[in-house]
Amino acid sequence: MISPGKKKLKLTIRVWRQKGSNERGQFRDYLLQGISPDMSFLEMLDILNEQLLDHGEEPVAFDHDCREGICGACGVMINGQAHGPDNETTTCQLHMRRFQDGDTIVIEPWRASAFPVLRDLIVDRSPLDRIMQAGGYVSVNTGQAPDGNCLPVPRHDQESAMDGAACIGCGACVAACKNASAMLFTSAKVSQLAQLPQGQPERAQRVLNMVAQMDAEGFGSCTNTYECEAACPAGVSISHIARLNREYVKASFCSTAEPTIPMK
Amino acid sequence: MHWLKAFLTSSVGRKFVVGLTGLFLCFFLVVHLAGNLLLYVGVDAYNEYAHKLHSNEELLIIAETLLFAALIGHILIAAGLTFTNWRNARNKSYRTFDSKREDRTTPMSFAPDQTMMLTGLFVLIFLICHLSDFKFGLGWENLGESYSPAQKALLVLENTWRQGIYLVGVLFLGYHVSHGLQSAFQSLGLNHPKYMPTIRRLSVLFGLVVAIGFGSFPIAGLVRSQTNPTSVEQVSPVEGGEAVDAETPHSPEH
Ligand code: FES
């Protein structure tokens, strides 16, 4: 919806600049004019970068891919909030109409020891990939797509598993957590697969290994402050964390599985 | 036993133990409060309760061992987790941070869930004082065996220092458990939309009950010490006890 009549915004962008993981970073202020309220947040950053290039400066590096809220690449901290002020919205889906003319917008990368800054707003989120590799999969060969109702999955379980599967792996839960814990991320996958028949054979091993990997990556531990749930652009609920806790206790006490990930 | 070691060293397993011990301690608080409230029913009811409690030595030893084990385990593991979180989790803090939780009613830095370590620390200081008063009787040796449990309790509660420490202590305790109770459920994996909202409300209510219930004792003590103090001369020694010097002051500082 283009509305050319709307007042253009003049903004001060206070953004974190850091050349590399081992460099010292600092905040830099940039003045931006003529920002349309209909622009997305990333389009605003594009304009900023064009302006920087015009002045012979390095553009601000930021992660992005789909720009439609499904890949999870674009997360940054906007005025102290993961993905900005809107609930269940990624940075790329945030629009400049959420800001007022004359605002100063502070943009920071995710901050967590497990997520070192690579450059400007880009952090290394590969620890999340390694948690997935530790058990976030089903290794049973499923062959061809089965008939629709061959595998009976109750509707409730299917819905709940889907809620977990909605995680886009952006890392906002880690970023918003005061302990930089990756529990919401890890629990989303554990919970999804624990509720589906395909996930049963590896159910116990999966939760033990994913938690072991999560701990080994140096994420903090959950203290139930539920900031993750509020920051999650996919609306993943902390009830998945409770399910992970259950699964973990069950796997530890009622199964022969043991974590195969070396402990830290 | 590799599995048990893995469980007890993992973040999830340790949180489980913190939750389990916390829930047990909450249960103890309920029993403790119910016992204390007998003081309002009457001195005799309270004494009878205290005597009954102490008449079964074995049971008492088991209960106290369990209680201390739970308390120490709860403190050590929670403190360990918190310190690791502080040291490791975030090597650089945010310039600004703003909660996205819409149900936050207290400013972020004062919220119960953000201050568990601090409120827990205050509770611990209070507990040390409380145990030294009631369990070990430190500073109250002059009361000897000659006073009934109720009389001892009244004397302790009429001490100005104790009133302050006890009141502040139980307020922090109430604040602590208002997050702690529902957090324990979550850590044990007991969270379901059908009852979690109730548990969360119950948790706040429990915090209030603890703060008001226990807090009423030092306040009642303050009122009594202003209006009608339990003087040592007034209280009659329990039968069979030694006679007490009428001049014995009731404050431990003397
Ligand atoms: S760029 Fe893919 S979610 Fe934002």
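Criteria and cut-off values
Residues numbered from 1 in each chain as written. Chains lettered and ligands numbered in written order. Predicted model: local features only at pLDDT ≥ 70, side-chain atom pairs only at ≥ 80, totals over all residues. Heavy atoms only, no water. 1 Å grid on protein atoms, 1.4 Å probe; cavity = no way out; pocket = protein on both sides within 12 Å on 5 of 7 lines; lining within 4 Å. Points joined across faces, edges and corners; volume = space filled by probe spheres on them. Nonpolar A, V, L, I, M, F, W, Y, C, P; charged D, E, K, R; others polar. Helix = DSSP H or I, 4+ residues; strand = E, 2+ residues; numbered from the N terminus. Pairing = 2+ DSSP bridges. Contact = heavy atoms within 4.5 Å. Axes fitted to C-alpha atoms, helices over the stretch in contact; angles between N-to-C directions. Buried area = accessible area lost by both parts, 1.4 Å probe. Salt bridge = Lys/Arg side-chain N within 4 Å of Asp/Glu carboxyl O. Polar contact = N/O pair within 3.5 Å; in protein donor to acceptor, adjacent residues only side chain to side chain.

A. A look at the layout of surface pockets. Residues and elements named next belong to chain B. In this model, the second largest pocket occupies a volume close to 470 Å³. What lines the second largest pocket is a set of 19 residues, among which Arg-101, Thr-105, Pro-112, Ser-178 and Val-204 lie closest to the centre. Of the residues contributing to the lining of the second largest pocket, the split by class is seven nonpolar, seven polar and five charged.

B. Just empty space enclosed by the protein, in detail. Residues and elements named next belong to chain A. Under the defined criterion, the tally for this structure stands at six cavities of 30 Å³ or more. Along the wall of the largest cavity there are 14 residues; nearest its centre are Cys-177, Cys-222, Thr-225, Tyr-226 and Cys-228. For the lining of the largest cavity, the elements supplying multiple residues, two or more each, are helix H5 (183–194) and helix H7 (227–231). For the lining of the largest cavity, the residue count by class is eight nonpolar, five polar and one charged. Its boundaries defined by the atoms lining it, the second largest cavity holds a volume of some 80 Å³. Looking at the second largest cavity, it is lined by 13 residues, and the ones nearest its centre are Cys-167, Cys-170, Cys-173, Cys-232 and Pro-233.

C. Structural context of the sheet that holds strand E3 (residues 77–78) of chain A. Residue and element names in this part refer to chain A. Ordered by their spatial adjacency, five strands build an open sheet running E2-E1-E5-E3-E4, and the pairing between neighbours is mixed. A strand with exactly one partner marks an edge of an open sheet, and here the two such strands are strand E2 (26–35) and strand E4 (81–82). Alignment of strand E1 (residues 9–17) against E2, held across eight bridges, turns out to be antiparallel. The residue bridging Ile-13 from the neighbouring strand is Tyr-30, located in E2. The strands that helix H1 (residues 41–54) touches are E1, E2, E3 and strand E5 (104–108); relative to E2, the one it contacts most, it runs at about 100°.

D. Representation of the interface of chain A and chain B. With 56 residues of chain A at the contact, the number on the chain B side is 43 residues. The largest contributions to the chain A side of the interface with chain B come from Arg111(A), Tyr226(A) and Glu227(A), which together make up 14% of the buried area. At the junction of chain A with chain B, the criterion picks out one salt bridge. A salt bridge links Arg104(B) to Glu227(A); its shortest N-O distance comes to 2.8 Å. Counting every contact that joins chain A to chain B gives 31 residue pairs in polar contact (both at pLDDT 80 or more). Partitioning the side of chain A that touches chain B into residue classes produces 30 nonpolar, 17 polar and nine charged.

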